[in-house]
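# Examination of the molecular architecture
Listed below are the residues making up each chain.
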Amino acid sequence: MLNRKMDTVYASDVLRQLDNVLIVTHVRPDGDALGAALGLGALMRGNLRRAQVLLPDPLPEKYLPLVRNADFLTEFPAGGLTQYDALIVLDCARNDRVAMGSGTDYPPQDISILNIDHHGDNNVQAEWSCVVPDAAATSAILVRIAALIGWKMTPQAATFFYLGIMTDTGAFRFSNTSPDTHRLVASLLENNADHDQVIQAVYFSKSRNQQLFEADMVQNYSKVDFDGRYAWAALPDEFFRKYGFSMRDGEMLIELLRELSGVKIAVLLYLAGGQVKVSLRSKDPACPVGPLARKLGGGGHEMAAGVTLKTSDLNSAAAMLREEVGKLL
Ligand code: AMP
Ligand code: MN
Ligand code: MN
């Protein structure tokens, strides 16, 4: 594979020549993964291309109203990959996080791959890679590329890209928000992105059960250390069982820790597939969490990163994280 690195101008030249693509994203998709993948699918179909989106993992409940009318596959296409001109991988930084569906390894051998992402540590294997770490979301890169190609922004695509930018910036709260982010969002609204539908789904659709789960987490599981600079919570499986709640819908839980005054670093630990998954967030650029996630074998952005540890012991993982975070603070 060539693995050619390129900017958005070159990526737009590659994309404009593709006529029939399969679009994939990362496992356990978040708002940007869904927004980028379904947005690009809608955009290409709206501009007389053939595009299919593959989303094999269950989707977070709150996004279901948004995807109701979207077209996507939940299983690896029966006809294989040779029917497509290319595979497009979005918002995914590592080979082992690409969601290809049952038993299909990444990278597949029989197709060209275009990788578009905003994780600075992206090392996905692909023919062509367009990685823009300054972009607030992969959806934002796609809006830029669509304009470079001169594609018409359809209302459905605009709504999905709006979702991706909205969720990856935490509704413009996070430090990845820039003047350019607002310019792109303005252009999406001008192209009839459905602001109300996105905001209702993302910020005004919490179940009462989730609200009770969150209250219990704050009361009984969250801890604050190092003079209030570190907030963390380790959530055992039985706590999730008590509410019938799962991390599939927990993308924003860690914000309950980060939002505290004085907190610089927030960490959430829970079990995923029998291993401890750690989410890390910072709100002080002087203490980024990307380097710690990478040191532990994970990755992500400087201010929002994650790692899956090769242990099932939540308490010892929490103690190790506390010690590592102590060195950063
Ligand atoms: P999360 O805490 O799962 O919301 O992830 C925050 C960021 O960290 C995402 O943008 C991911 O790219 C990255 N990340 C999360 N989990 C992992 C992991 N196990 N390995 C590498 N990167 C990860
Ligand atoms: Mn993502
Ligand atoms: Mn993203």
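These numbers come from a predicted model, not from an experiment.

What follows is about a nonpolar patch on the surface. On the surface, a cluster of nonpolar side chains totalling about 300 Å² of accessible area is made up of Val9, Tyr10 and Leu148. Summarising the element assignment, Val9 is placed in helix H1 (residues 8-16).

So, on to the coordination of the manganese ion (ligand 2). Within the protein, the manganese ion (ligand 2) binds to His26 (NE2), Asp30 (OD), Asp30 (OD) and Asp91 (OD); these donor distances fall in the range 2.1 to 2.6 Å. Taken in sequence order, the residues that donate to the manganese ion (ligand 2) follow the motif H-x3-D-x60-D. If you look at the manganese ion (ligand 2) and the manganese ion (ligand 3), they sit 3.7 Å from each other and are both ligated by Asp91. Asp30 matches His26 in its accessibility class, with the two residues each being buried.

Time to look at the sheet that holds strand E7 (residues 222-225). Taken in spatial order, the six strands make up an open sheet running E7-E8-E9-E10-E12-E11, and their pairing is mixed. In this open sheet, the two edge strands, each paired with only one partner strand, are E7 and strand E11 (299-300). Contacts between helix H8 (residues 208-220) and the sheet are confined to E7, strand E8 (230-235) and strand E9 (265-272), with E7 contributing the most and set at about 40° to the helix.

Inspection of the secondary structure puts Gly41 in helix H2 (residues 31-46). The sequence separation of Gly41 and Val21 amounts to 20 residues, and the corresponding C-alpha distance is 8.7 Å. Each residue touching Gly41, except ones within four places of it in the same chain, is listed here: Ile23, Ala51 and Val53.

In the first shell of the manganese ion (ligand 3), the protein supplies Asp32 (OD), Asp91 (OD), His118 (NE2) and Asp168 (OD), at 2.1 to 2.2 Å from the metal. One chain supplies every donor to the manganese ion (ligand 3), and in sequence these donors are spaced D-x58-D-x26-H-x49-D.

Moving on to the sheet that holds strand E3 (residues 50-53). Strands sit in the order E1-E6-E5-E4-E2-E3 across an open sheet of six strands; the sheet is parallel. Of all strands in the sheet, those with a lone pairing partner are strand E1 (4-5) and E3, marking the two edges. Sheet analysis places strand E2 (residues 20-24) next to strand E4 (residues 86-90), joined by four bridges and oriented parallel. What sits directly across from Leu22, in E4, is Leu87. Helix-sheet contacts for H2 involve E2, E3 and E4, and the interaxial angle to E3 is about 160°. Running at roughly 110° to strand E5 (residues 112-117), helix H4 (residues 138-149) makes contact with E4, E5 and strand E6 (128-131) of the sheet.

This paragraph deals with the state of the cysteines. Per the stated rule, a full pass over the model turns up zero disulfides. Cys130 forms no disulfide, and the closest cysteine sulfur to it belongs to Cys92, at a distance of 15 Å.

The next thing to look at is the environment of Lys5. The topology assignment puts Lys5 in strand E1. The exposure class of Lys5 is exposed, given its relative accessible area of 62%. In this structure the C-alpha to C-alpha distance between Lys5 and Asn115, which are 110 residues apart in sequence, comes to 9.5 Å.

Our focus in this paragraph is the domain arrangement of the protein. Segmentation of the protein into domains returns domain 1 (4-203) and domain 2 (208-328). For domain 1 and domain 2, the distance between their C-alpha centroids amounts to 27 Å. With 18 residues of domain 1 at the interface, the matching set in domain 2 holds 15 residues. Carbon and sulfur atoms make up 45% of the surface buried where domain 1 meets domain 2, a total of about 1,300 Å² over both sides. Three residues, Arg28, Asp121 and Phe174, lead the burial of domain 1 against domain 2; their summed loss comes to 29% of the area buried on that side. In this structure, the connection of domain 1 to domain 2 is made through one salt bridge. Asp121 serves as the salt-bridge partner of Arg294, at 3.8 Å between the closest nitrogen and oxygen. Linking domain 1 to domain 2 there are six residue pairs in polar contact (both at pLDDT 80 or more).

The next point concerns the packing of H2 against helix H5 (residues 155-168). One way to put it is that H2 packs onto H5 with a least axis distance of 7 Å and a crossing angle of 160°. Compared by their axis directions, H2 and H5 come out roughly antiparallel. As H2 packs across H5, the resulting crossing turns out to be left-handed. Judged by residue contacts, Gly31, Asp32, Gly35, Ala36, Leu38, Gly39, Leu40, Ala42 and Leu43 of H2 engage Gln156, Ala157, Phe160, Phe161, Leu163, Gly164, Thr167 and Asp168 from H5. Here the contact of H2 with H5 is built from residues that sort into nine nonpolar, six polar and two charged.

Calculation criteria
- Residues numbered from 1 in each chain as written.
- Chains lettered and ligands numbered in written order.
- Predicted model: local features only at pLDDT ≥ 70, side-chain atom pairs only at ≥ 80, totals over all residues.
- Heavy atoms only, no water.
- Patch = residues over 30% accessible without salt bridge, like charges linked within 9 Å, V, L, I, M, F, W, Y side chains within 5 Å.
- Areas by Shrake-Rupley, 256 points an atom, 1.4 Å probe, with all protein chains shown as cover.
- Salt bridge = Lys/Arg side-chain N within 4 Å of Asp/Glu carboxyl O.
- Helix = DSSP H or I, 4+ residues; strand = E, 2+ residues; numbered from the N terminus.
- Donors = N, O, S within 2.8 Å, 3.2 Å for Na, K, Ca; no water.
- Buried < 20%, exposed > 50% of the residue type's maximum accessible area, 1.4 Å probe, protein only.
- Pairing = 2+ DSSP bridges.
- Contact = heavy atoms within 4.5 Å.
- Axes fitted to C-alpha atoms, helices over the stretch in contact; angles between N-to-C directions.
- Disulfide = S-S within 2.5 Å.
- Domains from an automatic or database assignment.
- Buried area = accessible area lost by both parts, 1.4 Å probe.
- Polar contact = N/O pair within 3.5 Å; in protein donor to acceptor, adjacent residues only side chain to side chain.
- Parallel < 35°, antiparallel > 145°, perpendicular 65-115°, else oblique.
- Left-handed = near helix turned anticlockwise from the far one by under 90°.
- Nonpolar A, V, L, I, M, F, W, Y, C, P; charged D, E, K, R; others polar.

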